Amino acid sequence: MDYQSILNEIIQEVTPFLKDGKVADYIPALENVDPEQFAMSITMFDGTQFTVGQADTLFSIQSISKVFTFTLALKFYRSNLYKRIGHEPSGNPFNSLVQLEYEHGKPRNPFINAGAINVTDALINYYGGSDIAYKEVLNFIRSISNNDLITCNEVVATSEMEHGYRNMALANLMKSFNNLDNEVSDVVQMYFKHCSVEMSTNMLSRAMLYLANHGTDPITDKIYIRESQAKRINAVMLTCGHYDASGDFAYHVGLPGKSGVGGGIVAVVPKLMGISVWAPGLNANGNSLVGTMALKLFTSKTGLSIF
Ligand code: GLU
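Source: prediction; values computed, not measured.

Sorry, what's going on with the overall build of the protein here?
From N to C terminus, the protein includes 13 helices and eight strands. Its C-alpha atoms give the protein a radius of gyration of 18 Å, within 12% of the compact-globule value 19 Å for 307 residues. The principal-axis extent of the C-alpha atoms belonging to the protein is close to 55 × 40 × 35 Å. When the 307 residues of the protein are sorted by exposure, 58% land in the buried category. Look at the contacts in the protein between residues 6 or more apart in sequence, and 69% of them connect residues 24 or more apart. As displayed, the protein offers around 12,100 Å² of accessible surface, 51% of which is attributable to carbon and sulfur atoms. The averaged location of the 29 negative side-chain charges in the protein is 8 Å from the averaged location of its 23 positive side-chain charges.

Right, here's the structure in full:
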């Protein structure tokens, strides 16, 4: 298939819509990102990349980092992880408090904010401290991306911490239900640090290969997780990866995927490729407006979806 021509067509078709999205302004350090930017990359199992737009530009991966923290927590805790969090769609916004109260402090899944904060807490336990846990998460991201230069933007992390009232509230609520072991500010700070990691679509599409290939990197042959764990992570991405628009994403795109409020989205075509797209303007659900559109065009034009 001529992937490059397909990507070239996609950028032409989506460019008029770039102005329609709204950049996440509840994190002041992200407010000034130019919304009229676009990038899309795919990485094949032999490492070949097809790209269009600003595919080397770094952006804040935000909630895409939740895929990486969930991977590590599932690897270490296996099914015991589900004593702390669930794996059902929430049908609620990413930062909602209401459901967490009703459900006694147990977050629905690892991809809503409460779930990801809880997973971060589990990783702090496992590694024995938040500094070392953050370093190990970063090392994991560098390993799956095969890139040692990836790092976090401290300005964004600090800005999130200064305005993180809602995430602090989620963590406090879990703590009140005895479903958070470490100090609230320590856990939330580490959560913001991994959300503030910066990557490009080229890096992210490469990083997705272990999930497209049953937990093993098809280029380096490194086994990161078991086949059954990769299956579960893909399933949770499909059902919960886009918050309360997860059903819509599955319906229109038909691939496991995860979005972040930085405007990035990752997706997986099992046994074939990793994909990443970036357009900073968001839709009302906090997912990249044009990114979602581009992925929808990609699966329509190529016929590549899991269905
Ligand atoms: N750091 C962001 C927050 O907690 C992540 C949200 C997202 O990317 O969806 O609000």
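What's the story with the environment of F50 in this structure? I'm lost.
Following the sequence through the fold, F50 ends up in strand β2 (residues 49-53). F50 sits 96 residues away from N146 along the chain, and the two C-alpha atoms are 17 Å apart. If sequence neighbours within four positions are ignored, F50 has contacts with Y3, Q4, L7, M40, S41, I42 and M44.

Which parts of the structure should I look at to understand the site of the ligand?
The local shell around the ligand consists of Y26, Q62, S63, F94, N113, E160, N167, Y191, C195, Y243, G260 and V261. At 2.6 Å from an oxygen atom of the ligand is found a side-chain nitrogen or oxygen belonging to S63. With respect to the ligand, the side chain of N167 contributes an N or O atom lying 2.9 Å from an oxygen atom. Within the complex, the protein chains bury 99% of what would otherwise be the 290 Å² of accessible surface of the ligand. For the shell around the ligand, the class distribution of residues is six nonpolar, five polar and one charged.

I would appreciate a short explanation of the sheet that holds strand β4 (residues 151-152) in the present structure.
Across a sheet, strands are paired by hydrogen bonds formed along the backbone, either parallel or antiparallel in direction. On the basis of which strands lie adjacent, the open sheet formed by three strands has the order β3-β5-β4 and antiparallel pairing. Across the chains shown, the open sheet's two edge strands, defined by having one partner strand only, are β3 (59-60) and β4. Across two bridges, β4 lies against strand β5 (residues 197-199) in antiparallel orientation. Across the sheet, the residue bridging to C152 is V197, located in β5. Helix-sheet contacts for helix α5 (residues 130-145) involve β4 and β5, and the interaxial angle to β5 is about 10 degrees.

Is there a simple way to think about the side chain of T302 in this case?
Residue placement: T302 occurs in helix α13 (residues 289-302). Residue classification places T302 among the buried residues on the basis of a relative accessible area of 11%. Within the structure, T302 has its side chain in polar contact with the backbone oxygen of F298 (distance 2.7 Å). At 3.1 Å, the side chain of T302 and the backbone nitrogen of L304 are in polar contact. Contact partners of T302, with chain neighbours within four places excluded, come to M1, Y3 and I6.

Even after reading the chapter, I still don't get the side chain of N287, so can you show me in this structure?
As for its position among the elements, N287 is in the loop between β8 (273-278) and α13. The contacts of N287, once residues within four sequence positions are left out, are H242, Y243, A245, S259, G281, L282 and T292.

Would you take a moment to explain the environment of R206 for this structure?
Mapped onto the elements of the fold, R206 is located in helix α9 (residues 201-207). Since its relative accessible area comes to 8%, R206 is described here as buried. Here the alpha-carbon distance between R206 and S79, two residues 127 residues apart in the chain, equals 27 Å. If we skip the residues at most four places from it in the chain, R206 touches T43, Q49, I144, S145, N146, D217, I219 and T220.

Could you clarify how one ought to interpret the environment of N146 in this entry?
Looking at the secondary structure, you find N146 in the loop between α5 and β4. For N146, a relative accessible area of 57% puts it in the exposed group. Here the alpha-carbon distance between N146 and M203, two residues 57 residues apart in the chain, equals 8.3 Å.

How should the packing of helix α2 (residues 65-77) against α5 be read in this particular structure?
If you want to describe how two helices pack, look at the angle between their axes and the distance between the axes. In the contact formed by α2 and α5, the axes pass within 10 Å of each other and the chain directions differ by 105 degrees. It follows that α2 is roughly perpendicular to α5 by the angle criterion. Touching F68, T69, T71 and L72 of α2 are E136, V137, F140, I141 and I144, all from α5. Of the residues assigned to the contact of α2 with α5, the class counts are six nonpolar, two polar and one charged.

Can you walk me through a positive patch on the surface in this structure?
A grouping of R78, R226, K231 and R232 is seen on the molecular surface, where their side chains present a positively charged patch. With respect to the secondary-structure elements, R226 resides in the loop between α10 (209-212) and α11 (227-240). The exposure class of R226 is partly exposed, given its relative accessible area of 43%.

Cut-off values and rules
Residues numbered from 1 in each chain as written. Predicted model: local features only at pLDDT ≥ 70, side-chain atom pairs only at ≥ 80, totals over all residues. Heavy atoms only, no water. Helix = DSSP H or I, 4+ residues; strand = E, 2+ residues; numbered from the N terminus. Rg over C-alpha atoms; globule rule 2.2 N^0.38 Å. Buried < 20%, exposed > 50% of the residue type's maximum accessible area, 1.4 Å probe, protein only. Contact = heavy atoms within 4.5 Å. Areas by Shrake-Rupley, 256 points an atom, 1.4 Å probe, with all protein chains shown as cover. Lys, Arg positive; Asp, Glu negative; His and termini not counted. Charge placed at Lys NZ, Arg CZ, Asp CG, Glu CD. Near = heavy atom within 4 Å. Polar contact = N/O pair within 3.5 Å; in protein donor to acceptor, adjacent residues only side chain to side chain. Nonpolar A, V, L, I, M, F, W, Y, C, P; charged D, E, K, R; others polar. Pairing = 2+ DSSP bridges. Axes fitted to C-alpha atoms, helices over the stretch in contact; angles between N-to-C directions. Parallel < 35°, antiparallel > 145°, perpendicular 65-115°, else oblique. Patch = residues over 30% accessible without salt bridge, like charges linked within 9 Å, V, L, I, M, F, W, Y side chains within 5 Å. Salt bridge = Lys/Arg side-chain N within 4 Å of Asp/Glu carboxyl O.

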